Amino acid sequence: MKPSDTKPAAATAAMTCRERFHAACRQQPVDRPPVWLMRQAGRYLPEYRALKERHGFLKMVKTPDLATEVTLQPIRRFGFDAAILFSDILVIPEAMGQPYDFREGGGIAMAHACQSAERVDALNPSGVREKLGYVADALRLLKTELAGKTALIGFAGSPWTLATYMVEGGSSANFQKVKNLFFTEPELFTRLMEKITTAVGDYLDLQIEAGAEAVQIFDSWGGICSGGHYEAASLKWIRRLVERVNRRVPVILYAKALHHRAVDLAATGIDVISVDWTAELHTLRDGLPRPVAVQGNLDPVLLNLTPEIVRGEVHRLLESMRGQNGHIFNLGHGILPVAKVENVEALVETVHQFS
Ligand code: CP3
């Protein structure tokens, strides 16, 4: 019998949000699936826009009181089961000596492109703990504010996903520079990845020690690698991070355009696999030799449509996973700035009422 076949009523009565989230990570019975949304603190929220207007994005990220406030905004409004620290994956290149900003009209601009041996050698992965002390401070504040009722998730970019921004010098259309580095300068690529992986490992340690109860690794750009190279370009470095976390907290891996690799992703030892909306969660899970929890995977674009469509599609997704423990309801990627608040309300209400 799989753990998912047991459902003792006593175990699921009156769960807190935090208990529900952790039970789902461990594939244990829940009263209803837990729900949170990637980028749940973001531009679709009027209270976020008001705060950003006054302070700007990077100041909000770097000021523990503001990061805490922004993290809590969607928790207050929607009662999500988990809060995700408000921050950005690009604080890691910044802490290593490669700062960033935003391009007019959207997208990321790094201060430079990290393509040469000189640039790679200039990156400093030590001192992440001191430079990102503001993240630890925000997590400690959040831990107090959430008072054990709502789960607290930390996160980092996968080494490969960070490398795409660092080598390209920002957002990219075709990832030519980073692929060029991978194929033509394997030793330099390895040196870069070693540095990034060390920094991310230290960063995950810092977050876990400061109170993160789970960590999500975003491999948002792993799906751009050709199949045979995904292992060397990205998965190998993720595996090192999973080993380094060493089961202290559950690890969620967000993998975009990679659900065909679910067996390999699960084999890294992760606890939860988070996939984009093109996957069918129940089919994906049935194909795994080792059971892991699944997170996702509503198409974020639906939140720009109507509450009726959202209710119907959320219900369909919930039904497709009925009776299976280990489903964390989420989107297939981050919520878009044009999402309507009433649609997020409809999503949350539908999950809350599902039994
Ligand atoms: O989920 C959450 O609510 C936590 C906060 C969070 C942010 N970024 C806040 C943010 C998380 C988990 C991230 C991760 C992140 N950042 C990723 C991986 C996840 C993904 O979406 O694939 C990536 C690739 C980044 C880098 C980044 N930061 C991008 C591509 C952008 C958008 C740039 C643009 O064109 O607007 C950001 C900015 C950013 N990070 C915003 C937020 C809320 C938007 C800033 C704003 O305009 O207010």
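Up top is the structure these notes are about.
## Section: the packing of helix α5 (residues 64–78) against helix α9 (residues 133–146)
Between α5 and α9, whose axes approach to 8 Å, the crossing angle comes to 45°. The pairing of α5 with α9 is recorded here as oblique in orientation. Read as a crossing pair, α5 and α9 show a hand that is right-handed. From α5, Pro64, Asp65, Ala67, Thr68, Thr71 and Leu72 reach across to α9, where they touch Tyr134, Asp137, Ala138, Leu141, Leu142, Glu145 and Leu146. Residue classes in the contact of α5 with α9 are distributed as eight nonpolar, two polar and three charged.

## Considering a negative patch on the surface
A contiguous patch of negative charge on the surface is contributed by Glu308, Glu342, Glu345 and Glu349. Per-element accounting of the negative patch gives the leading share, three residues, to helix α17 (residues 341–352).

## A word on the layout of surface pockets
Considering only enclosed or pocket space, the largest pocket measures out at about 1300 Å³ in volume. In this structure, the largest pocket is lined by 44 residues; those nearest its centre are Arg39, Arg43, Asp88, Ile108 and Ile335. Of all the elements in the fold, those that place two or more residues in the lining of the largest pocket are α3 (46–55) and α10 (159–168). Looking at the lining of the largest pocket, the element that brings in the most residues is α10, giving three residues.

## A word on the site of the ligand
Close to the ligand lie 24 residues, the nearest being Arg39, Tyr48, Lys52, Gly107 and Ser220. One of the backbone nitrogen or oxygen atoms of Arg39 is found 2.5 Å away from an oxygen atom of the ligand. The separation between an oxygen atom of the ligand and a polar main-chain atom of Ala41 is 3.4 Å. Protein burial of the ligand: of its 880 Å² of free accessible surface, 89% is covered by the chains. Mapping the ligand onto the cavity grids shows that it belongs to the largest pocket. Among the residues making up the shell around the ligand, the classes are represented as 14 nonpolar, six polar and four charged.

## Considering the pairing of strand β9 (residues 327–331)
Summarising burial for β9: five of the five residues are buried, a large majority. Bridge analysis of strand β8 (residues 293–298) against β9 gives five bridges, and the strand direction is parallel. Across the sheet, Asn297 pairs through a bridge with Asn330, a residue of β9.

## Here's the deal with the pairing of strand β5 (residues 214–219)
Across the six residues of β5, six count as buried, placing the element largely inside the fold. Residues Ala214, Gln216 and Phe218 of β5 are buried on one face, and the alternating residues Val215, Ile217 and Asp219, pointing to the opposite face, are buried as well. Two elements, strand β4 (residues 151–157) and β5, share five bridges in a ladder whose sense is parallel. Looking at β5, one finds that Gly154 is bridged to Val215. Bridge analysis of β5 against strand β6 (residues 251–255) gives five bridges, and the strand direction is parallel. Opposite Asp219, over in β6, you have Ala255 as the bridge partner.

## Notes on the side chain of Arg285
Structurally, Arg285 can be placed in helix α15 (residues 281–286). The side chain of Arg285 sits in the buried core without any salt bridge; Asp286 is the nearest counter-charge, 6.8 Å away. Not counting chain neighbours up to four residues away, the residues in contact with Arg285 comprise Gln27, Val292, Ala293, Val294, Met321, Gln324, Asn325 and Gly326.

## Concerning the nonpolar core
If you look at the biggest cluster of nonpolar residues, it comprises 131 residues, and the most contacted ones within it are Phe21, Leu192 and Leu347. The greatest single-element share of this core, amounting to 11 residues, is contributed by helix α12 (residues 186–209). In this view, Leu347 contacts Val35, Leu37, Leu298, Leu303, Val310, Val314, Phe329 and Leu331; residues no more than four positions away in its chain are not counted.

Parameters at a glance
Residues numbered from 1 in each chain as written. Predicted model: local features only at pLDDT ≥ 70, side-chain atom pairs only at ≥ 80, totals over all residues. Heavy atoms only, no water. Axes fitted to C-alpha atoms, helices over the stretch in contact; angles between N-to-C directions. Helix = DSSP H or I, 4+ residues; strand = E, 2+ residues; numbered from the N terminus. Parallel < 35°, antiparallel > 145°, perpendicular 65-115°, else oblique. Left-handed = near helix turned anticlockwise from the far one by under 90°. Contact = heavy atoms within 4.5 Å. Nonpolar A, V, L, I, M, F, W, Y, C, P; charged D, E, K, R; others polar. Patch = residues over 30% accessible without salt bridge, like charges linked within 9 Å, V, L, I, M, F, W, Y side chains within 5 Å. Areas by Shrake-Rupley, 256 points an atom, 1.4 Å probe, with all protein chains shown as cover. Salt bridge = Lys/Arg side-chain N within 4 Å of Asp/Glu carboxyl O. Lys, Arg positive; Asp, Glu negative; His and termini not counted. Charge placed at Lys NZ, Arg CZ, Asp CG, Glu CD. 1 Å grid on protein atoms, 1.4 Å probe; cavity = no way out; pocket = protein on both sides within 12 Å on 5 of 7 lines; lining within 4 Å. Points joined across faces, edges and corners; volume = space filled by probe spheres on them. Near = heavy atom within 4 Å. Polar contact = N/O pair within 3.5 Å; in protein donor to acceptor, adjacent residues only side chain to side chain. Sits in = over half its atoms within 2 Å of the grid points. Buried < 20%, exposed > 50% of the residue type's maximum accessible area, 1.4 Å probe, protein only. Pairing = 2+ DSSP bridges. Core = buried A, V, L, I, M, F, W, Y, C linked by side-chain atoms within 4.5 Å.

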